[in-house]
Amino acid sequence: MTQLALVIDLNVCVGCQACVTSCKEWNTSGPAGTMSDERPYGADPTGTFFNRVQTFEVGEFPNTETVHFPKSCLHCEDPPCVPVCPTGASYKRKEDGIVLVDYDKCIGCKYCSWACPYGAREIDEKQKVMKKCTLCVDRIYDQALPAADRRPACVMACPTNARLFGDIHDPESVVSKAIRESGGYPLMPEWGTQPANHYLPRRKTRLRIHDDELERADNPLKIDSQLPKPDKAEPSLDDVTSW
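Residues numbered from 1 in each chain as written. Predicted model: local features only at pLDDT ≥ 70, side-chain atom pairs only at ≥ 80, totals over all residues. Heavy atoms only, no water.

1. With respect to the sheet that holds strand S11 (residues 198–200)
Strand order in the open sheet made by the three strands is S10-S1-S11, with mixed pairing throughout. At either end of the open sheet lies a strand with only one pairing partner, and these are strand S10 (163–167) and S11. Ignoring which end each strand starts from, the neighbouring axes of this sheet average 25° apart. Where strand S1 (residues 4–9) and S10 come together, five bridges link them in antiparallel fashion. (Pairing = 2+ DSSP bridges. Helix = DSSP H or I, 4+ residues; strand = E, 2+ residues; numbered from the N terminus. Axes fitted to C-alpha atoms, helices over the stretch in contact; angles between N-to-C directions.)

2. Topic: the pairing of strand S4 (residues 51–60)
In terms of strand pairing, S4 meets strand S5 (residues 63–72) through ten bridges, oriented antiparallel. When the sheet's bridge partners are listed, Thr 55 is paired in S5 with His 68. The turn linking S4 back onto S5 is made up of two residues.

3. A few points about unusual backbone geometry
Between Phe 61 and the following residue, Pro 62, the backbone shows a cis peptide bond with an omega angle of 5°. Along the chain, the position of Pro 62 falls in the loop between S4 and S5. Phi at Lys 128 is positive, roughly 60°, even though this residue is not glycine. Note on placement: Lys 128 falls in the loop between strand S8 (122–124) and strand S9 (129–131). Classification of Lys 128 as partly exposed rests on a relative accessible area of 46%. The phi dihedral of Cys 136 falls on the positive side, at around 50°, and the residue is not glycine. One can find Cys 136 in the loop between S9 and helix H3 (137–140). (Buried < 20%, exposed > 50% of the residue type's maximum accessible area, 1.4 Å probe, protein only.)

4. Observations concerning helix H1 (residues 18–28)
Among the residues making up H1, those that are buried are Ala 18, Cys 19, Val 20, Ser 22, Cys 23, Lys 24 and Asn 27. Tucked into the core, H1 has its buried residues touching strand S2 (37–38), S4, helix H4 (153–157) and S10. (Contact = heavy atoms within 4.5 Å.)

5. Concerning the environment of Trp 191
By the element assignment, Trp 191 lies in the loop between helix H5 (174–182) and S11. On the basis of relative accessible area, Trp 191 is assigned to the exposed category, the value being 54%. The spacing of Trp 191 and Pro 117 is 74 residues in sequence and 7.8 Å in space, taken between C-alpha atoms.

6. Concerning the pattern of salt bridges
In the structure shown here, the tally under the stated rule is ten salt bridges. Asp 37 is the partner of Lys 24 in a salt bridge, and the nearest nitrogen-oxygen pair spans 2.6 Å. With a gap of 13 residues between them, Lys 24 in helix H1 and Asp 37 in strand S2 connect regions that are remote in the sequence. Classification of Lys 24 by relative accessible area gives buried; the value is 11%. When the shortest N-O distance is used, the salt bridge between Asp 44 and Arg 39 registers 3.6 Å. Here the residues in one salt-bridge network are Arg 93, Glu 95 and Asp 96, joined through shared partners. (Salt bridge = Lys/Arg side-chain N within 4 Å of Asp/Glu carboxyl O.)

7. Here we look at the nonpolar core
In this structure, Ile 98, Leu 135, Phe 165 and Tyr 199 are the most contacted members of the largest nonpolar core, which totals 29 residues. Of all the elements in the fold, those that place two or more residues in this core are S1, H1, H3 and H4. Grouped together as the second largest cluster of nonpolar side chains are ten residues, Cys 81, Cys 85, Val 101 and Met 130 included. (Core = buried A, V, L, I, M, F, W, Y, C linked by side-chain atoms within 4.5 Å.)

Interpretation note: all reported values are geometric properties and have no functional meaning in isolation.
Below is the structure:
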């Protein structure tokens, strides 16, 4: 059975948010939209997103690293959000393994968000229905688009190719090869949900930092202190110049 999924390379993700903005741009105007915003420029902004990038630092100075961690629905092969839905709004497609929400059946009870161990579902405060990543199902099957463009919007937008898309059950697909060759892993496998999306681990690079590297060699403050200074008794530029 086909299982479409994303593979995200944490080693090359730079946290630019291109996947977040392109996802929202495509989906808010499509059948999965709208994706509302509440107080986007206020003191407490919020809104609906299918994809978010969490950024945090690990280690202790000066040996610190910044980690960018994109997260969206993982399209689990055994999704816990489906059986808890009282109306059958949450369902998993047999033909491609994509987990979707039928807005006409959703009553916004949030049972699916409580059941999801990854926090991948959000309620749209305007429509009062649960929303999540659809893998751009309206795009990947659009025959009007060139074959190369029939990929999720986030994959198309990523400037570092940190996001791959394909069938993880096809051993010759680009995602299967990446998982196999780069040690790809599912998120929190102990939950038994069998997430379809996988992550490629960060490859550790040994840092060698010398004391003189902690301060810029061309520090402008150092250079300025070495420049000749006029005597305090000498006239200043304002004294001799007419502006």
